[in-house]
Amino acid sequence: MLKKQKKNLEAKTFGNFTMLYENQVVKYSRTKSEELMAYLIYKKGSSTKTKELISVLWGEHADSSRYGSSLRNLIVDIKHTMNELEIQDFFITEYNNFRINPDVIKCDYYDFLDGDSNAIKNFAGEFMSQYSWAEDVVVFLEQKALTK
């Protein structure tokens, strides 16, 4: 089941972020849900705490008490979307920890990090361009591409 899912679940991170399931764009009911998912994909399975997500999504001066319920709404939206698409074992939530399972998604960024020559060739200096937090990643990827 998870192998089949990996064939059908894909994240495109070079340029603007897009997540596809069975070649259809995954649509969430809240706009920030996609950014939250993009950030977790960038983290490649590392657990991320509530405070970090709030800072990334609403700015470093955002506080948990004010934005905690907004984050919970995004979590519910993502869970609902994953359930509707019958995507399992991908979006993982534990108390104050959120992550994705990178083993069940195809991702150009992961391929790039693994040294895949096609992924390196396809990187044109843009990474999740619509998100300001991703700007620093571009420098890292450009340096990595030069050493390949």
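Nothing here was measured: the structure is a model prediction, and the numbers come from that model. (Residues numbered from 1 in each chain as written. Predicted model: local features only at pLDDT ≥ 70, side-chain atom pairs only at ≥ 80, totals over all residues. Heavy atoms only, no water.)

Draft legend 1. Quick peek at the overall build of the protein chain. Along the backbone of the protein chain there are seven helices and seven strands. Taken over the C-alpha trace, the protein chain has a radius of gyration of 15 Å; the compact-globule value for 148 residues is 15 Å, and the two agree within 12%. The dimensions of the protein chain, computed from C-alpha atoms along their principal axes, are 45 × 40 × 25 Å. Out of the 148 residues in the protein chain, the part that is buried amounts to 42%. Look at the contacts in the protein chain between residues 6 or more apart in sequence, and 61% of them connect residues 24 or more apart. Just so you have it, the protein chain exposes about 8500 Å², and 44% of that area is on carbon and sulfur atoms. Taking the average location of the 20 positive side-chain charges in the protein chain and that of its 21 negative ones, the two points are 3 Å from each other. (Helix = DSSP H or I, 4+ residues; strand = E, 2+ residues; numbered from the N terminus. Rg over C-alpha atoms; globule rule 2.2 N^0.38 Å. Buried < 20%, exposed > 50% of the residue type's maximum accessible area, 1.4 Å probe, protein only. Contact = heavy atoms within 4.5 Å. Areas by Shrake-Rupley, 256 points an atom, 1.4 Å probe, with all protein chains shown as cover. Lys, Arg positive; Asp, Glu negative; His and termini not counted. Charge placed at Lys NZ, Arg CZ, Asp CG, Glu CD.)

Draft legend 2. Summary view of the sheet that holds strand β2 (residues 18–21). Reading across the sheet, the four strands line up as β3-β2-β1-β7 and stay open at both edges, with mixed pairing between neighbours. Two strands lie at the open edges of the sheet, namely β3 (24–25) and β7 (106–107), each paired on one side alone. Direction of pairing for strand β1 (residues 9–12) relative to β2: antiparallel, over a ladder of four bridges. Looking at β2, one finds that K12 is bridged to T18. (Pairing = 2+ DSSP bridges.)

Draft legend 3. Examining the sheet that holds strand β5 (residues 91–94) more closely. Within the open sheet, the three strands sit side by side as β4-β6-β5. Their pairing is antiparallel. Pairing within the sheet leaves two strands with one partner each, and these edge strands are β4 (48–49) and β5. Bridging between β4 and strand β6 (residues 97–100) involves two bridges; their strand directions are antiparallel. In the sheet register, K49 faces β6, and the bridge partner there is N97. Packing against the sheet, helix α2 (residues 31–43) makes contact with β4, β5 and β6, and its axis sits at approximately 75 degrees to β6. (Axes fitted to C-alpha atoms, helices over the stretch in contact; angles between N-to-C directions.)

Draft legend 4. Expanded view of the pairing of β6. Relative to β6, β5 is paired through four bridges, and the arrangement is antiparallel. Following the sheet pairing, F91 is matched in β6 by I100. In sequence, β5 turns back onto β6 through a hairpin of two residues, with N96 there showing a positive phi of about 60 degrees.

Draft legend 5. Main features of the pattern of salt bridges. Scanning the entire structure with this criterion turns up five salt bridges. E94 is the partner of R99 in a salt bridge, and the nearest nitrogen-oxygen pair spans 3.7 Å. Judged by its relative accessible area of 24%, R99 is partly exposed. Taking the relative accessible area as the measure of exposure, E94 reaches 40% and is therefore partly exposed. Note that D111 and K106 form a salt bridge whose closest N and O atoms lie 3.4 Å from each other. (Salt bridge = Lys/Arg side-chain N within 4 Å of Asp/Glu carboxyl O.)

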